[in-house]
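Observations on the model geometry
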Amino acid sequence: QVQLVESGGGLVRPGGSLSLSCAASGRLFTVYALGWYRQAPGLERELVAIITRDDRTTYADSVKGRFTISRDSAMNTVYLQMNHVNPGDTAVYYCNAVVGGGWQYWGQGTQVTVSS
């Protein structure tokens, strides 16, 4: 199993920046991808960004050019650098890990609020 713990959420002003981190532990040998999802109240959880073991990245159109996902070489930490944030980025952000067989693991979430 894989355990995921997010950190770095908080309040940020529109146009500002925020960095999120997710620490993964457990059986990490088969982790294929690490990613970030977000969910605002009343809305579906949506993909923000994902990075694979071979360093392929995917971003939601809404964050492309503003957010950057990265990881360490051991695939035990994933980061989300959020720049030029806007109120639409307000959500609970969840860390996600996908293992080779397609199983997914989730962190508990961290709140990001963009407000003036």
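Let us look at the structure shown here. (Residues numbered from 1 in each chain as written. Predicted model: local features only at pLDDT ≥ 70, side-chain atom pairs only at ≥ 80, totals over all residues. Heavy atoms only, no water.)

1. A look at the overall build of the chain
When helices and strands are counted, the chain shows 0 helices and 11 strands. Start at the N end of the chain and walk to the C end: the helices and strands fall as β-β-β-β-β-β-β-β-β-β-β. What you see for the chain is a C-alpha radius of gyration of 13 Å, in line with the 13 Å of a compact globule of 116 residues. Expressed as lengths along the three principal axes of its C-alpha atoms, the size of the chain is roughly 40 × 25 × 20 Å. (Helix = DSSP H or I, 4+ residues; strand = E, 2+ residues; numbered from the N terminus. Rg over C-alpha atoms; globule rule 2.2 N^0.38 Å.)

2. What to know about the pairing of strand β1 (residues 2-7)
What you see with β1 is a clean split: V2, L4 and E6 sit on the buried side and Q3, V5 and S7 on the side with no burial. Looking at chain direction, β1 and strand β3 (residues 18-26) are connected through 6 bridges and run antiparallel. Each residue of the ladder has a partner; that of S7, found in β3, is S21. (Buried < 20%, exposed > 50% of the residue type's maximum accessible area, 1.4 Å probe, protein only. Pairing = 2+ DSSP bridges.)

3. A short note on the pattern of salt bridges
Within the structure shown, the criterion is met by 6 salt bridges. D54 is paired through a salt bridge with R56; the nearest N and O atoms lie 3.2 Å apart. Judged by its relative accessible area of 48%, D54 is partly exposed. Taking the relative accessible area as the measure of exposure, R56 reaches 46% and is therefore partly exposed. A salt bridge links D61 to K64, with the shortest nitrogen-to-oxygen separation between them at 3.3 Å. Taken as a pair, D61 and K64 share a single burial class, namely exposed. The network of salt bridges with shared partners includes R38, E46, R66 and D89. (Salt bridge = Lys/Arg side-chain N within 4 Å of Asp/Glu carboxyl O.)

4. A closer look at unusual backbone geometry
Even without being a glycine, M75 presents a positive backbone phi close to 60°. Relative to the helices and strands, M75 resides in the loop between β7 (67-71) and β8 (77-82).

5. Some points on the sheet that holds β8
By way of backbone hydrogen bonds, the strands of a sheet pair with one another, either parallel or antiparallel. Taken together, 4 strands build an open sheet; the order of strands is β1-β3-β8-β7 and the sheet is antiparallel. Taken across any chain shown, the strands that pair with only one partner, and hence form the sheet edges, are β1 and β7. Across the sheet, the mean angle separating the axes of adjacent strands is 15° when strand polarity is ignored. (Axes fitted to C-alpha atoms, helices over the stretch in contact; angles between N-to-C directions.)

6. Focus: the nonpolar core
Counting 31 residues, the largest nonpolar core has W36, L80 and Y93 as the members making the most contacts within it. For this core, the elements supplying multiple residues, two or more each, are β1, β3, β4 (31-39), β5 (46-52), β7, β8, β9 (91-99) and β11 (110-114). The biggest single contributor to this core is β9, with 5 residues. Apart from residues no more than four positions distant in its own chain, L80 is found in contact with L18, S19, L20, W36, V48, A49, F67, T68, I69 and Y93. (Core = buried A, V, L, I, M, F, W, Y, C linked by side-chain atoms within 4.5 Å. Contact = heavy atoms within 4.5 Å.)

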